[in-house]
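Analysis of the macromolecular model
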Amino acid sequence: MTVADGRAIITVLGQDRVGILAGITAVLAAANVNILDISQTILQEFFTMIMIVDLKGSNLDFFDLQKQLKARGEELGVQVTMQQAEVFKFMHRI
C-alpha cells in the first residue's frame, strides 16, 4: 500500500522502561523511514510518544512496516500504532 502524501502518524504507549525509543527507531531506520517530528514524554510511569514519519523512501510497504512496529512494541511491552496521516487528520477533525 502506498500512502498518498507519504506521511504516517506513529503512537507508542506503555509502561516506561529503558530501550523503547531505541527499539522503535531501529525498526524505522532499517526500513529507511525518516522521522519528521517527534514528541515524547513520561506521564508518571507511562511512556508516550507520537511521531510523524515520511514513508516515501521506505523499503517496506505500509502494512509490513505496521506489522514490524507492532511486533517490536510487543517485545518492548508497549502498544504501537501507525496510521496514514490523511486518515488520522480525517478521524480527528472538528
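Worth saying up front: this structure is predicted, and the values here are computed from it rather than measured.

**Remarks on helix α1 (residues 20–30)**
Every buried residue belonging to α1 is among Ile 20, Gly 23, Ile 24, Val 27 and Leu 28, and all of these are buried. Along the axis of α1, the buried positions cluster into a sector of 135 degrees, meaning they face one direction only. Exposed residues on α1 whose side chains face more than 90 degrees from its buried face are Ala 29 and Ala 30. Against the buried residues of α1 lie β1 (7–15), β2 (34–43), β3 (46–54), α2 (62–76) and β4 (78–84). Two residues or fewer after α1 comes Asn 32, characterised by a positive phi angle close to 60 degrees.

**Looking at α2**
With 15 residues, α2 extends 21 Å between its outermost C-alpha atoms, agreeing within 8% with the 21 Å of an ideal straight helix rising 1.5 Å per residue. Buried within α2 are the following residues: Phe 62, Leu 65, Leu 69, Gly 73 and Leu 76. Seen end-on, α2 carries its buried residues on one side only, within an arc spanning 75 degrees. Of the residues in α2, the exposed ones pointing more than 90 degrees away from the buried face are Lys 67, Glu 74 and Glu 75. Buried residues in α2 make contact with β1, α1 and β4.

About the thresholds
- Residues numbered from 1 in each chain as written.
- Predicted model: local features only at pLDDT ≥ 70, side-chain atom pairs only at ≥ 80, totals over all residues.
- Heavy atoms only, no water.
- Buried < 20%, exposed > 50% of the residue type's maximum accessible area, 1.4 Å probe, protein only.
- Helix = DSSP H or I, 4+ residues; strand = E, 2+ residues; numbered from the N terminus.
- Arc of directions from axis to C-beta.
- Contact = heavy atoms within 4.5 Å.
- Expected span 1.5 Å × (residues − 1).

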